Amino acid sequence: MFVVIFGRLSCPFCVRAKQLAEQLEQAGNIEGYRYVDMPSEGVSKDDIAKTAGKPIHTVPQVFVDQQHVGGFTEFDQFVRDHQLLSTSSTA
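Quick look at the structure, then. Chains are numbered independently. Their residues run from 1 in the order of the written sequence. For a predicted model such as this one, the threshold for reporting local features is a pLDDT of at least 70, and the threshold for listing and counting side-chain atom pairs is 80 or more; totals across whole chains, interfaces and linings nevertheless cover every residue. Working from all heavy atoms in the structure, the side-chain values ignore hydrogens and water.

### Some words on helix α3 (residues 45-52)
How we decide: Remark: exposure states derive from per-residue accessible area (1.4 Å probe, protein chains only) relative to the maximum for the residue type, with buried under 20%, exposed over 50%, and partly exposed in between. Helix and strand assignments come from DSSP, with helices taken as H or I runs of at least 4 residues and strands as E runs of at least 2, each series counted from the N terminus. Arc definition: it is the arc formed by the directions from the helix axis to the C-beta atoms. Only heavy atoms matter for contacts: two residues are in contact if any of them lie within 4.5 Å across the pair. Whenever a nitrogen or oxygen atom comes within 3.5 Å of another N or O atom, the pair is scored as a polar contact, on the condition that within protein one atom can donate a hydrogen and the other can accept it, and that pairs from neighbouring residues in sequence are kept only if both atoms are in side chains.
Where α3 is concerned, the buried positions are Ile48, Ala49 and Ala52. Looking down the long axis of α3, one finds its buried residues gathered within 105 degrees of arc, a one-sided arrangement. Opposite the buried face of α3, at more than 90 degrees from it, the exposed residues are Asp46, Lys50 and Thr51. The elements touched by buried residues of α3 are β1 (2-7), α2 (38-41), β3 (61-64) and β4 (67-70). Capping the start of α3 is the job of one residue whose side-chain oxygen sits 3.3 Å from the backbone nitrogen of Asp46: Ser44.

Below is the structure:
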């Protein structure tokens, strides 16, 4: 399982999504992750919307194995639903 997170460094939920991906990687529950800083890599919300197949209004946007999961809340729920960590980062 590989996670890609599109976000901005100034976004607290982007930081939390990255931290959750780091925890998953350290626990050996994902093969790895890539954090894409949208401004520095020239990626727009419209670019992500094309991949997600729907309009994107917020960041972060998280993909697991190229499937759009959603933002941080949805990513956190995905981790809970799949029991990828014993506890989630929302505490």
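### Quick notes on helix α1 (residues 12-26)
Heads up, the condition is: Multiplying 1.5 Å by the helix residue count minus one yields the expected span of that helix.
Taking 1.5 Å of rise per residue, 15 residues should cover 21 Å, and α1 covers 21 Å from first to last C-alpha, within 8% of that figure. Every buried residue belonging to α1 is among Cys14, Ala17, Leu20, Ala21 and Leu24, and all of these are buried. Along the long axis of α1, the arc covered by the buried residues comes to 120 degrees, so they all point the same way. Facing away from the buried side of α1 by more than 90 degrees, the exposed set consists of Pro12 and Gln26. Where α1 is buried, its residues contact β1, β2 (32-37), β3 and α4 (72-81). At the exit of α1 stands Gly28, carrying a positive phi of roughly 75 degrees.

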